[in-house]
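Here's the letter readout for the chains.
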Amino acid sequence: MRNFEYYTPTRIIFGKDTHYQIGDLLKQGNYKKVLIHYGSGSIVRSGLLKEITDSLDTAGVSYVTLGGVVPNPRLSKVYEGIRLCREEQVDFILAAGGGSVIDSSKAIGYGAANLWTDVWNFFLKKKTPTDCLPIGVILTIAASGSEMSSSAVITNEDGWLKRGCVKTDLCRPKFAILNPRLTYTLPQYQTESGCVDILMHTMERYFVNLETMEVTDSISESLMQTVIYNARILMNEPGNYNARAEIMWAGSLSHNGLTGCGTGGGDWACHQLEHELGGQYDVTHGAGLSALWGSWARYVYKENPERFAQFATNVFHIPCGLDFEKTALQGIQAMEDFFRSIQMPTSLHQLGLDLTDSQIHDLAFRCSFEDTRTIGVFMQLNMKDMEKIYHMANADHTNA
């Protein structure tokens with residue numbers, strides 16, 4: 001067993017109508033001025049923003065608001081939030097939304113608390129933050145797991161670079177309110193894309209080319225089965241509370257470090273490959289991951305076919321004999337079939353992209369930081385490997 005650390009300081013408040021507690025929670029924390037950070041007008045149209053502000057008004061907590069966060073959240077909005085926090089002397093950030101809003105809030109929290117450097121330096125990993133404004137979450141999309149993680153990803157419009165922040169526990173939310181009912185109004189595409197993101201957060205940690213812990217593997221496999229089962233339910237029953245609740249809790253568990261205990265940190269190549277797609281073409285994150293995963297898996301599985309065979313057997317109940325490669329490929333196919341069953345893409349073409357050789361080369365060049373780094377641990381991928389995977393995903397081979 002490998003050494004590991006596991007730390008989850010976020011308080012979870014889960015269930016129906018739990019968001020009405022927000023005023024009391026912030027009052028108990030003795031916070032004086034809150035920035036309510038959110039995305040599009042849906043939070044206004046649904047009435048959630050008014051419910052939040054009414055709760056804060058009742059508790060006597062002052063606030064300012066900043067909306068406009070978009071998928072693949074922008075650095076320009078982060079700068080706007082940092083300025084607002086300074087001008088209004090904000091001492092707490094409340095993220096009301098999904099992963100994009102939470103990540104934007106974390107970046108604002110870092111920027112407002114570390115005025116000695118440009119916040120983008122934390123995403124370039126040139127500097128490490130020493131403080132962060134405290135953050136709380138009212139979750140409206142089950143997907144990213146950012147409500148319990150130390151991760152944040154921001155897109156810089158100057159060059160359209162999508163980069164993850166250097167990880168510290170400073171940005172982990174103090175609390176996260178998880179009310180599955182707040183996800184009822186999500187379009188089906190966003191719901192199912194979120195399910196893919198949840199799966200991938202576990203799979204990135206699961207597919208490592210080293211000895212792992214049986215208990216961690218069992219947790220990961222059960223979590224994957226739970227997401228697959230309930231994602232299918234939500235295709236036909238978007239108002240199914242129990243399915244929404246299972247998916248929402250799975251999202252938090254998939255990215256709070258639990259499924260990475262003893263796995264050495266995970267692979268993360270698919271996420272790195274997708275970040276370039278998201279940065280350049282503004283695709284939905286989960287859909288970008290499903291479009292790439294099968295090509296990545298087929299490219300690397302021979303490094304350790306037994307691991308993929310275990311995945312096939314324990315997640316999809318595919319019988320495993322002595323031919324691990326055959327079982328591995330059946331497992332990859334089963335996951336791609338699942339993606340299709342929830343109307344998620346399994347190629348770049350299905351994602352709406354038909355890239356030229358030059359565009360694919362540019363993606364690999366950027367993903368490899370101009371041919372200066374490799375990605376992944378299941379199999380280390382250099383720029384040429386990345387280019388080949390993008391080409392495989394571009395070919396729509398999975399529909400053959």
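My aim in this report is to walk through the structure given alongside it, one point at a time. If you're wondering where the values come from, they're calculated on a predicted model, not measured in any experiment.

Right, let's get into the packing of aromatic side chains. For any pair of aromatic rings, the description rests on two quantities: the centre-to-centre distance and the angle between the ring planes. Under the counting rule described, the total for this entry stands at 21 aromatic pairs. Relative to phenylalanine 378, the ring of phenylalanine 207 lies with its centre 6.5 Å away and its plane at 80 degrees, an arrangement referred to as edge-to-face. Separated by 171 residues along the polypeptide, phenylalanine 207 in the loop between helix H7 (188-206) and helix H8 (214-236) and phenylalanine 378 in the loop between helix H14 (357-367) and helix H15 (383-394) bring together distant segments of the chain. Considered together, phenylalanine 207 and phenylalanine 378 belong to a single accessibility category, that of buried residues. When the ring of tryptophan 296 is compared with that of phenylalanine 308, the centres are 6.1 Å apart and the planes differ by 45 degrees; the resulting orientation is tilted. A residue pair is termed long-range when its members are at least 10 positions apart, and tryptophan 296 in helix H11 (residues 285-300) and phenylalanine 308 in helix H12 (residues 305-316) qualify at twelve residues. These aromatic residues form a ring-pair network of at least three members: Tyr206, Phe207, Trp293, Trp296, Phe308, Phe311, Phe316, Phe338, Phe339 and Phe378. The ring of tryptophan 268 is capped by lysine 167, whose NZ or CZ atom sits 5.7 Å from the centre of that ring.

Moving on to the pairing of strand E7 (residues 161-164). Of the pairings in the sheet, the one linking strand E6 (residues 153-156) to E7 comprises four bridges and is antiparallel in character. Residue pairing for E7: asparagine 156 is matched across the bridge by leucine 161. Turn length for the E6-E7 hairpin, with the two strands adjacent in sequence and antiparallel, is four residues, and the turn residue glycine 159 shows positive phi of about 100 degrees.

Moving on, we come to the side chain of serine 368. With respect to the helices, strands and loops of the structure, serine 368 is situated in the loop between H14 and H15. Taking relative accessible area as the criterion, serine 368 reaches 0% and is therefore assigned buried. Non-local contacts of serine 368, meaning those with residues more than four positions away in its chain, are made with Arg373, Met383 and Met386.

What follows is about unusual backbone geometry. Of note in the backbone geometry, asparagine 72 takes a positive phi value of approximately 55 degrees without being a glycine. Summarising the element assignment, asparagine 72 is placed in the loop between strand E3 (62-66) and helix H4 (75-88). Positioned with a positive phi, phenylalanine 369 is a non-glycine residue whose angle comes to about 50 degrees. Looking at where phenylalanine 369 falls in the secondary structure, it is placed in the loop between H14 and H15. Judged by relative accessible area, which is 35%, phenylalanine 369 ranks as partly exposed.

Attention now goes to H14. If you check which residues of H14 are buried, you get Ile360, Leu363, Ala364, Arg366 and Cys367. Mapping the buried residues of H14 onto a view down its axis gives an arc of 165 degrees, with all of them on the same face. What points out from H14, more than 90 degrees from its buried face, is the exposed set Asp357 and Ser358. On its buried side, H14 packs onto E7, helix H10 (269-281) and H15. At the C-terminal side of H14, phenylalanine 369 shows a positive phi close to 50 degrees.

Read from one edge of the open sheet, six strands run E1-E8-E5-E4-E2-E3, paired in parallel fashion. Of all the strands in the sheet, just strand E1 (11-14) and E3 have a single pairing partner and so form its edges. Direction aside, the axes of adjacent strands within the sheet are offset by 20 degrees on average. As paired strands, strand E2 (residues 33-38) and strand E4 (residues 92-97) are joined by five bridges and run parallel to one another.

Time to look at the nonpolar core. The biggest cluster of nonpolar side chains holds 74 residues, and the ones touching the most others in it are Trp293, Trp296, Phe308 and Phe311. At eight residues, the largest contribution of residues to this core is made by H11. Sequence-distant contacts of tryptophan 293, that is, excluding residues within four places in its chain, are made with Met200, Met203, Phe207, Cys270, Phe308, Phe311, Ile332, Met335 and Phe339. Listed in part, the 26 residues of the second largest apolar core include Leu66, Val90, Phe122 and Ala152.

Before going further, it helps to spend a moment on the pattern of salt bridges. Within the structure shown, the criterion is met by eleven salt bridges. The partner of glutamate 88 in a salt bridge is lysine 33, and the shortest N-O contact between them spans 2.8 Å. Remark: lysine 33 occurs in strand E2 and glutamate 88 occurs in helix H4; sequence separation between them is 55 residues. For glutamate 88, a relative accessible area of 30% corresponds to the partly exposed category. Where arginine 74 meets aspartate 282, a salt bridge forms, and the shortest distance between an N and an O atom there is 3.4 Å. One end of the pair, arginine 74, is in the loop between E3 and H4; the other, aspartate 282, is in the loop between H10 and H11, and 208 residues separate them in sequence. Residues participating in the shared-partner salt-bridge network are Arg163, Glu276 and Arg366.

With that out of the way, let us pick up the packing of H14 against H15. Remark: H14 packs on H15, axes separated minimally by 8 Å, with the N-to-C direction vectors making an angle of 135 degrees. Compared by their axis directions, H14 and H15 come out oblique. For H14 against H15, the interelement crossing comes out right-handed. In this structure, H14 uses Asp357, Ile360, His361, Leu363, Ala364, Phe365 and Cys367 to contact H15, whose residues at the interface are Met383, Met386, Glu387, Tyr390, His391 and Asn394. For the contact of H14 with H15, the residue count by class is eight nonpolar, three polar and two charged.

Procedures and definitions
- Residues numbered from 1 in each chain as written.
- Predicted model: local features only at pLDDT ≥ 70, side-chain atom pairs only at ≥ 80, totals over all residues.
- Heavy atoms only, no water.
- Phe/Tyr/Trp six-rings, centres within 6.5 Å; stacked < 30°, edge-to-face > 60°.
- Helix = DSSP H or I, 4+ residues; strand = E, 2+ residues; numbered from the N terminus.
- Buried < 20%, exposed > 50% of the residue type's maximum accessible area, 1.4 Å probe, protein only.
- Lys NZ or Arg CZ within 6 Å of the ring centre and 35° of its normal.
- Pairing = 2+ DSSP bridges.
- Contact = heavy atoms within 4.5 Å.
- Arc of directions from axis to C-beta.
- Axes fitted to C-alpha atoms, helices over the stretch in contact; angles between N-to-C directions.
- Core = buried A, V, L, I, M, F, W, Y, C linked by side-chain atoms within 4.5 Å.
- Salt bridge = Lys/Arg side-chain N within 4 Å of Asp/Glu carboxyl O.
- Parallel < 35°, antiparallel > 145°, perpendicular 65-115°, else oblique.
- Left-handed = near helix turned anticlockwise from the far one by under 90°.
- Nonpolar A, V, L, I, M, F, W, Y, C, P; charged D, E, K, R; others polar.

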